[in-house]
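Now for the letters of each chain:
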Amino acid sequence: MSQTVADREKTIEQPLNQQKPGKEPLWTRTFILLALANLLLFFGFQMLLPTIPAYVTQLGGDNSAVGMVIFILTISALIIRPFSGAALDMLSGRLILIVGSIITLIAIGSYIAAASVGVIYMLRVVHGIGWGISTTTYGTMASNIIPASRRGEGMGYFGLASTLAMALGPMSGIAIINSFSFTVLFTVSFVLTLLSLLVSMLVGKKDTSSGSGKGKPPQGSLLSRLVDKQALFPSLLVLLLSLTYGGIVSFITLFGKEQGIANVGWFFSVNAIMLFLVRPISGKIFDTRGHVWVLLPGALFSLVGMILLSYTTGTGGLMAAAAFYGVGFGAIQPSLQAWIIQRAAPERRGAANATFFSAFDLGIGLGALILGPIAAATNYAMMYRVSSFMFVLYLIIYISYVVRMRKKPLQP
């Protein structure tokens, strides 16, 4: 009899490494190539994250226009992810990655010739579509080649590529526009994205298969094909996590001004360092002990980080908040993705990854949308205190789920 989700959830007590003796290889040629290609893609993207707003301002855009360029890309990626995930369950990941990369290249290359804010808006739609397709595809391809017994560890290491890009990309982009020009910036981003595509083409065709769909369209309604129901619960948790992150990336600069903190960039530097340190460790714990041992303490660390941030008045407090939040975020995010892959059927991994990334994108967008009015009515410190309740809700929902699953008998 096929294993139900309830059966698979017994990995709380019987993690994968205890079920399968031996250690399957993780650092294969395919895994290294995919991680490198993912790094190049994210690096090119992160270089544009803090610099596109400055480009919009140079073209005559105001603060509303700056907000729109971020919102448009996020929504475009959010909309396209479920469709790209469904396509991944039927077609070659290699083919879909080529399509996504070409769309991304067209958008980045066109930024150079953009003469108005309106044109930037249109290009952000194109960029968001390419970005949503590409990132969903890389995540799915990686999950297909990572051994099941090392899924948490593998997704943790794979995520280090985006973490490195997040740590170095923004400062590299700012350095380029300060020393050269936006034309040079867009050229470098274009080249990095192109290199990402070229590196990914070195992966063998048989390694880019997206599960066991074998070209057969999944059955059921359109919604069930686009969204994997087994990914919904972990995606709810990542939504709550990304709501807090959306508040951080959107308002921490303004929070720094409110509190008189000279350089809030320290938050992202310390956060990135903690992500680097904790991802491999948390992944191994996920594989050997189960998700409870990662997702529960991760939420507690993040909760402490948010509370510390809300009371921060100096650089030292900011760094301490970043350390706690980074440990929690670094433990939760890759473990939830690994858990989603563990729950999903092999032929549904594309849709499962798309559901996960869509929830993450939606959380960031909603974080800015919901928390902004709270800051306007009170202050940024109070906004972060309110934001910390997302982790209280996370803990209530998750603990209730674990208790319920432990009470269910294992089906024969």
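Residues numbered from 1 in each chain as written. Predicted model: local features only at pLDDT ≥ 70, side-chain atom pairs only at ≥ 80, totals over all residues. Heavy atoms only, no water.

1. Some thoughts on the overall build of the protein
Short version of the rule: The secondary structure listing takes helices from DSSP runs of H or I that are at least 4 residues long and strands from runs of E that are at least 2 residues long, numbered from the N terminus. We call a residue buried when its accessible area falls under 20% of the maximum for its residue type, exposed when it is over 50%, and partly exposed in between, using a 1.4 Å probe and counting protein chains only. Residue contacts follow a heavy-atom distance rule, with two residues in contact if any of their heavy atoms lie within 4.5 Å.
Within the protein, the regular secondary structure consists of 16 helices and zero strands. Residues counted as buried form 55% of the 412 residues belonging to the protein. Residue pairs in contact within the protein that sit at least 24 positions apart in sequence constitute 87% of those at least 6 positions apart.

2. With respect to the pattern of salt bridges
Two side chains with opposite charge may pair up if their charged atoms get near one another. Applied cut-off: The salt bridge criterion pairs a side-chain nitrogen of Lys or Arg with a carboxyl oxygen of Asp or Glu, the two atoms within 4 Å.
A full pass over the atoms with the stated rule returns two salt bridges. Of the charged contacts, one joins Arg81 and Asp361 as a salt bridge, the two residues approaching to 2.6 Å between their closest N and O atoms. Here Arg81, found in helix H5 (residues 63-88), pairs with Asp361, found in helix H15 (residues 349-377); they are 280 residues apart in sequence, far enough to count as distant. Note on accessibility: Arg81 and Asp361 belong to one class, buried. Measuring nitrogen to oxygen at the nearest pair gives 3.0 Å for the salt bridge that ties Glu153 to Arg150. Looking at Glu153, the relative accessible area reads 5%, which means it is buried.

3. Side note on a nonpolar patch on the surface
Inclusion rule: A patch consists of residues exposed above 30% relative accessible area that lack any salt bridge, with like charges linked at up to 9 Å and nonpolar side chains (Val, Leu, Ile, Met, Phe, Trp, Tyr) linked at up to 5 Å. All accessibility values rest on the Shrake-Rupley procedure with a 1.4 Å probe; residue burial counts only the protein chains present in the view.
A surface patch of nonpolar side chains, amounting to about 380 Å² of accessible area, comprises Phe190, Val191, Leu194, Leu195 and Leu198. In this structure, Val191 sits in helix H9 (residues 182-200).

4. Examining the nonpolar core
The cut-off we apply is this: The term nonpolar core refers to a set of buried residues drawn from Ala, Val, Leu, Ile, Met, Phe, Trp, Tyr and Cys, joined through side-chain atoms within 4.5 Å.
Grouped together as the largest cluster of nonpolar side chains are 104 residues, with contacts concentrated most on Ile252, Leu309, Tyr325, Trp339, Tyr384, Tyr394 and Tyr398. When residues of this core are assigned to their parent elements, the largest contribution, 13 residues, is made by helix H3 (residues 29-48). The residues contacting Tyr384, other than those within four sequence positions of it, are Gly247, Ile248, Phe251, Ile252, Phe255, Met306, Leu309 and Ser310. Grouped together as the second largest cluster of nonpolar side chains are five residues, Ile80, Ala87, Leu88 and Ile133 included.

5. A look at the side chain of Asn271
Within the secondary structure, Asn271 is located in helix H12 (residues 265-289). The buried category is assigned to Asn271, whose relative accessible area is 2%.

6. With respect to the packing of helix H7 (residues 117-145) against H15
For the record, the criterion: Here, axes are lines fitted to C-alpha atoms. For helices the fit covers the stretch in contact, and angles between N-to-C directions go from 0 to 180 degrees. Any angle from 65 to 115 degrees is called roughly perpendicular, while one under 35 is roughly parallel, one over 145 is roughly antiparallel, and all others are oblique. Rotating anticlockwise by less than a right angle from the far helix to the near helix defines a left-handed crossing, while the corresponding clockwise rotation defines a right-handed one.
Where H7 contacts H15, the axes come no closer than 9 Å and their chain directions differ by 130 degrees. The orientation of H7 relative to H15 falls into the category oblique. Remark: the crossing between H7 and H15 carries right-handed chirality. For the pair H7 and H15, contact is made by Thr135, Thr136, Gly139, Thr140, Ser143 and Asn144 and by Arg349, Gly350, Asn353, Ala354 and Phe357, respectively.

7. A word on the packing of aromatic side chains
What counts here: Stacked, tilted and edge-to-face are the three classes assigned to paired rings of Phe, Tyr and Trp, where Trp is represented by its six-membered ring and a pair needs centres within 6.5 Å; plane angles under 30 degrees give stacked, over 60 edge-to-face, the rest tilted. The criterion for a charge sitting over a ring is simple: Lys NZ or Arg CZ within 6 Å of the ring centre, and within 35 degrees of the ring normal.
Under the criterion given, the structure shown has 23 aromatic pairs. With centroids separated by 5.2 Å and ring planes inclined at 85 degrees, the aromatic side chains of Phe255 and Tyr384 adopt a geometry described as edge-to-face. Pair noted here: Phe255 is in helix H11 (residues 232-259) and Tyr384 is in helix H16 (residues 380-407), with a separation of 129 residues, a long-range link. Of the two residues, Phe255 and Tyr384, neither departs from the other in class, the shared state being buried. Members of the aromatic cluster, joined through ring pairs, are Phe233, Tyr245, Phe267, Tyr325, Phe329, Trp339, Phe360, Phe391, Tyr394, Tyr398 and Tyr401. The cationic tip of Arg385 hangs over the ring face of Tyr311; the distance from NZ or CZ to the ring centre is 4.1 Å.

8. What about H11?
We count it as follows: Here the expected span of a helix is defined as 1.5 Å times the quantity of residues minus one. Fitting one axis to the seven residues ending at a residue and another to the seven starting there, the bend at that residue is the angle between the two axes.
The end-to-end C-alpha distance of H11, which contains 28 residues, comes to 38 Å, matching closely the 40 Å that a straight helix rising 1.5 Å per residue would cover. Taking the largest bend as the criterion, H11 deviates by roughly 60 degrees, centred on Phe251. In the stretch just after H11, Gly260 is the one whose phi turns positive, near 75 degrees.

9. Structural notes on H3
The end-to-end C-alpha separation of H3 is 30 Å, in line with the 28 Å expected for 20 residues at 1.5 Å each. In terms of burial, H3 is a largely internal element, 17 of the 20 residues being buried.

10. What to know about the environment of Thr136
Put simply, the test is: Any N or O atom pair separated by 3.5 Å or less is treated as a polar contact, with the protein-specific requirement of one donor-capable and one acceptor-capable atom, and with residues adjacent in sequence counted only for side-chain atom pairs.
When you line up the elements, Thr136 lands in helix H7. A relative accessible area of 0% places Thr136 in the buried class. Here Thr136 is in contact with Arg81, Ser84, Gly85, Leu88, Gly350, Asn353, Ala354 and Phe357, once residues within four sequence places are set aside. Here the side chain of Thr136 touches Gly132 through a polar contact of 2.7 Å, landing on its backbone oxygen.

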